[in-house]
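Inside the fold
Each chain, letter by letter, is given below.
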2 protein chains.
Amino acid sequence: MGAFLPRRCVGQLCLRTTDSGRGCTLSIRSSSGAAMVIDQPAVSLEISLEVGRQVSRMKKSIGAVPGLAVIHVGEKKRYDNDYDFTCSLVGIKAFPVRLAEDSSEEEVLNCVSRFNDDPRVHGILLHFPLPWHMDEHKVLSAVSIEKDVDGFHPVNIGRLAMRGREPLFVPRAPKGCIELLHRYNLEIKGKRAVVIGRDHTFDMPAALLLQREDATVTIIDSTTKNPEEITRQADILISAIGQANMVRGSWIKPGAVIINVGTSLLKDPDALHGYRVVGDICYEEVCKVASAIKPVAAGGVGTITLSLLLSNTLTSAKRFHNFI
Amino acid sequence: MGAFLPRRCVGQLCLRTTDSGRGCTLSIRSSSGAAMVIDQPAVSLEISLEVGRQVSRMKKSIGAVPGLAVIHVGEKKRYDNDYDFTCSLVGIKAFPVRLAEDSSEEEVLNCVSRFNDDPRVHGILLHFPLPWHMDEHKVLSAVSIEKDVDGFHPVNIGRLAMRGREPLFVPRAPKGCIELLHRYNLEIKGKRAVVIGRDHTFDMPAALLLQREDATVTIIDSTTKNPEEITRQADILISAIGQANMVRGSWIKPGAVIINVGTSLLKDPDALHGYRVVGDICYEEVCKVASAIKPVAAGGVGTITLSLLLSNTLTSAKRFHNFI
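Model, not experiment: these values are computed from the prediction.

The rules behind these values
Throughout, residues of each chain are indexed from 1 in the direction in which the sequence is written. A letter from A marks each chain and a number from 1 marks each ligand, given out in the order of writing. Local features in this predicted model are restricted to residues whose pLDDT is 70 or higher, and side-chain atom pairs enter the listing and the counts only when it is 80 or higher, whereas totals over whole chains, interfaces and linings include all residues. Remark: hydrogens and water are excluded; side-chain values derive from all non-hydrogen atoms of the structure. Patch definition: residues above 30% relative accessible area lacking any salt bridge, with like charges linked at up to 9 Å and the nonpolar side chains Val, Leu, Ile, Met, Phe, Trp and Tyr linked at up to 5 Å. For the area figures, the Shrake-Rupley method with a 1.4 Å probe applies, and any residue is considered shielded solely by the protein chains shown. Salt bridge, as used here, is a side-chain nitrogen of Lys or Arg placed within 4 Å of a carboxyl oxygen of Asp or Glu. We count Lys and Arg on the positive side and Asp and Glu on the negative side, and we leave His and both chain ends out. Throughout, a charge is located at the NZ atom of Lys, the CZ atom of Arg, the CG atom of Asp or the CD atom of Glu. Only DSSP runs of H or I with at least four residues qualify as helices, and only runs of E with at least two residues qualify as strands; both kinds are numbered from the N terminus onward. The angle between two axes is taken between their N-to-C directions and runs from 0 to 180 degrees, where each axis is a line fitted to C-alpha atoms and a helix contributes only its stretch in contact. Working definition: roughly parallel below 35 degrees, roughly antiparallel above 145 degrees, roughly perpendicular at 65 to 115 degrees, and oblique for all remaining angles. Only heavy atoms matter for contacts: two residues are in contact if any of them lie within 4.5 Å across the pair. The nonpolar class holds Ala, Val, Leu, Ile, Met, Phe, Trp, Tyr, Cys and Pro. Asp, Glu, Lys and Arg form the charged class, and all remaining residues, Gly among them, are polar. In this analysis, strands are considered paired if DSSP registers two or more bridges between them. Throughout, exposure labels follow a simple rule: accessible area from a 1.4 Å probe, protein chains only, divided by the maximum for the residue type, with under 20% read as buried, over 50% as exposed, and the rest as partly exposed. Here a Phe, Tyr or Trp ring, Trp counted by its six-membered ring, pairs with any other such ring whose centre lies within 6.5 Å, and the pair is stacked when the planes are under 30 degrees apart, edge-to-face when over 60, and tilted otherwise. Criterion for a charge above a ring: Lys NZ or Arg CZ within 6 Å of the ring centre, and within 35 degrees of the ring normal. A residue counts toward the fit only if its pLDDT is at least 70 in both copies, and the copies are then superposed by least squares on the C-alpha atoms of those residues. A helix is expected to span 1.5 Å multiplied by its residue count minus one. We define buried area as the total accessible area lost by two parts upon association, computed with a 1.4 Å probe and summed across both. As used in this structure description, the phrase polar contact means that two N or O atoms lie within 3.5 Å; if the pair is within protein, one of them must be able to donate a hydrogen and the other to accept it, and residues adjacent in sequence are counted only when both atoms belong to side chains.

1. Details of a negative patch on the surface
- Taken together, the side chains of Glu75(A), Glu101(A), Asp102(A), Glu106(A) and Glu107(A) make up a negatively charged region of the molecular surface.
- Considering the arrangement of structural elements, one finds Glu106(A) in helix 3 (residues 105-117).

Below, the structure is given as structure tokens:
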């Protein structure tokens, strides 16, 4: 399969402060019949700015700020500094904890328990995967559902799966996709939506969220025969399979909205580290057929999941302090 | 829309005792190109017989039998006697409780709590809906997940929604549909499956169960445009919408497997009570196109859900007593 470099063949995105001065709106202008780019970093920035303003208001009003505990077990560095830095930017207090790889499960559970009881902490983020000798489900289930800002507690997932039950939080990567659609005023209700996935921590919540907004949803995975037949019916296509350029232009319904989540590393001797990041969506082809597209070039869904972590922590703190 | 009376235009179903004498197998023979009938009452009977044999073995071996508590609040009679009677048939001890309509939520919670602590009780069934002054989610969440034989505890639903997490029980009506497919050796893996629903307590678990078996699933509801375009792609179609004869022959992919769950009452002065029960599937038309069909005439999914309640209670008791 050929290698395609995403490029902006796109519409214009405008980020404007609203009249009230409290938020921003995104508007898009199409150009020359090509797909409009859904600019995720711009949306992430918008969300973070909103959070920052509200944290500031909370601090002035009641003298409290949201607190986020980030628990990391083991050696690998994964976003820790990003979390601390980003929290500090918007005024959220971070409580980073780093435990040794050979910590016992009990130590991690004790750590979770302390944060559950700490009124300064409104969100608890566990870095996964945990070391192999720990029961991830047990540790995850120990997090108070009121502080489960990652949305993976079985009760929050269970509530998400049943309409009429409201989860306190939902997983951030799929929520990020829905947030992009909302912020660009791209209608979901009554649309055919297809999620291509292989990680059920992403595709299932994504499908459940789309369903809650009255889309008719199909999940495609590696067992699906002729996936292109199904994607061609999609008004909204979210791809998170991690197969470079798998989704070609011929897979797309004209005018569809495309969210590229999945990424792969392709060898490229000209790239900085010998590899470059490529999306599931063959951008060069798809941008000529789709009406709007979130390309991988605009940054995975990493930045928006970070912004939503801040937003979820704020929501939790507002709930705790009964602050509107 | 015309009214159609289901009739058997079908294959032959054989219920045979297995060589070990411990179970039965169902086999089907097609006839004359028409759809084979999936005979749900036969499957229900098979499940109940299996449960009865295993309860008997448990009693002989460890002197204990499974126990099922059925909590009913209010005046309406709904299957209570069926439960007691069917439990007694297979040797399960029933613990029926009937509370007054004006009972407090606390009284119901106390009742649940007593059964949670009672080692003779392995399953707790709450009759829904509860009176309006009670918080159903709160009461349901109070049931121990080990005794949640109805599978609606948020944790069990949450586990069902995430592959890699195993629910202790799953909701019985959707499980009944999957059980029918299994018992008739109708393949699910790699198939396109469509669930037509409007009650998310049915269609969502049904979709999740099909997905766990590697089907590619789409849920259709009242917001779906042109549902017939989607049903025509289905290798497996489960309908639980409750719209008389909605699914016509032209909606069906030739050779598809059809499970009719939804029923409606149509006025019929010639019928015993002035009404007759009609399914979502226009049987007369669909049986000419499908390869297998579970018609409404074979009894909703009521009988199989009752059998699965017994089966779940047995499973719970075996888990509790560590009895294999």
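So much for the structure itself; the text now carries on.
2. Quick notes on the packing of helix 5 (residues 154-161) of chain B against helix 7 (residues 200-212) of chain B
Residues and elements named next belong to chain B.
- As a packed pair, helix 5 and helix 7 sit with axes 9 Å apart at the nearest point and diverge in direction by 40°. Considering their axes alone, helix 5 and helix 7 lie oblique with respect to each other. Only Pro205, Leu208, Leu209 and Arg212 of helix 7 make contact with helix 5, whose side of the interface consists of Arg159, Leu160 and Ala161.
- For the contact of helix 5 with helix 7, the class distribution of residues is 5 nonpolar, no polar and 2 charged.

3. Some details on the sheet that holds strand 6 (residues 123-126) of chain A
All names here are of chain A.
- Strands sit in the order 5-4-6 across an open sheet of 3 strands; the sheet is parallel. Taken across any chain shown, the strands that pair with only one partner, and hence form the sheet edges, are strand 5 (93-99) and strand 6. Strand-to-strand twist across the sheet, computed as the mean angle between neighbouring axes with direction ignored, equals 15°.
- Relative to strand 6, strand 4 (residues 67-73) runs parallel, the two sharing 4 bridges. Paired with Leu68 across the two strands is Gly123, which belongs to strand 6.

4. Notes on a nonpolar patch on the surface
Residue and element names in this part refer to chain A.
- Taken together, Leu265, Tyr275 and Val277 make up a surface patch of nonpolar side chains, about 310 Å² in accessible area.
- When you line up the elements, Leu265 lands in strand 11 (residues 263-267).
- Residue classification places Leu265 among the exposed positions, given a relative accessible area of 57%.

5. Examining the packing of aromatic side chains
- Under the definition given, this model contains 2 aromatic pairs over all chains.
- Ring plane angle 65° and centroid distance 6.3 Å describe the contact between Phe95(A) and Phe115(A), whose orientation is recorded as edge-to-face. Pair noted here: Phe95(A) is in strand 5 and Phe115(A) is in helix 3, with a separation of 20 residues, a long-range link.
- Sitting over the face of the ring of Phe169(B), Arg319(B) holds its NZ or CZ atom 5.1 Å from the ring centroid.

6. A short note on the pattern of salt bridges
Residue and element names in this part refer to chain A.
- Per the stated rule, a full pass over the model turns up 20 salt bridges over all chains.
- Among the ionic pairs, Arg183 bridges to Glu179, the shortest N-O distance being 2.9 Å. Here Arg183 and its partner Glu179 are both found in helix 6 (residues 172-183), 4 residues apart, which amounts to about one turn of the helix. Neither residue differs from the other here; Arg183 and Glu179 are each classed as buried.
- Through salt bridges with shared partners, a single network forms among Glu46, Glu50, Glu179 and Arg183.

7. Overview of the relation of the copies chain A and chain B
- It takes a turn of 180° to lay chain A on chain B, together with a shift of 0.0 Å along the axis; the resulting RMSD is 0.0 Å. When the rotation and shift are considered jointly, the pair of chain copies conforms to a two-fold rotation axis. The rotation axis passes nearest to the C-alpha of Gly158(A) in chain A, at a distance of 1.7 Å.
- A symmetric contact is evident, with 100% of the interface residues of chain A recurring at the interface of chain B.

8. Things to note about helix 7 of chain B
- Here helix 7 of chain B is 13 residues long and its end C-alpha atoms lie 17 Å apart, about the 18 Å a rise of 1.5 Å per residue gives.
- Those residues of helix 7 of chain B that sit buried are His200(B), Phe202(B), Asp203(B), Met204(B), Pro205(B), Ala206(B), Ala207(B), Leu208(B), Leu209(B), Leu210(B) and Gln211(B).

9. Quick word on the interface of chain A and chain B
- Contacts between the two partners involve 31 residues from chain A, matched on the other side by 31 residues from chain B.
- In total, about 2,900 Å² of surface goes out of reach between chain A and chain B, with carbon and sulfur atoms giving 60% of it.
- Looking at the side of chain A facing chain B, the largest losses of area belong to Met162(A), Arg165(A) and Thr216(A), adding up to 19% of the total buried there.
- Taken together, the links from chain A to chain B amount to 0 salt bridges.
- Where chain A meets chain B, there are 8 residue pairs in polar contact (both at pLDDT 80 or more).
- Of all the secondary-structure elements, those providing two or more residues to the side of chain A that touches chain B are helix 4 (136-142), helix 5 (154-161), helix 7 (200-212) and strand 8 (216-220) of chain A.
- Looking at side-chain class alone, the side of chain A that touches chain B contains 12 nonpolar, 13 polar and 6 charged residues.

10. With respect to the side chain of Ser44(A)
Residue and element names in this part refer to chain A.
- Tracing the backbone shows Ser44 in helix 1 (residues 40-62).
- What makes Ser44 buried here is its relative accessible area of 4%.
- Among the polar contacts made by the side chain of Ser44, one reaches the main-chain amide nitrogen of Ile304 at a distance of 3.2 Å.
- Contact partners of Ser44, with chain neighbours within four places excluded, come to Thr303, Ile304 and Ser307.

11. Here's the deal with the sheet that holds strand 5 (residues 93-99) of chain B
Residue and element names in this part refer to chain B.
- On the basis of which strands lie adjacent, the open sheet formed by 3 strands has the order 5-4-6 and parallel pairing. The open sheet has two edge strands with one neighbour each: strand 5 and strand 6 (123-126). Looking at each pair of strands side by side, their axes are set apart by 15° on average, direction ignored.
- One ladder, built from 7 bridges, connects strand 4 (residues 67-73) with strand 5; its direction is parallel. Across the sheet, residue Val70 finds its bridge partner in strand 5, namely Pro96.

What is shown is where atoms sit, not what they do.
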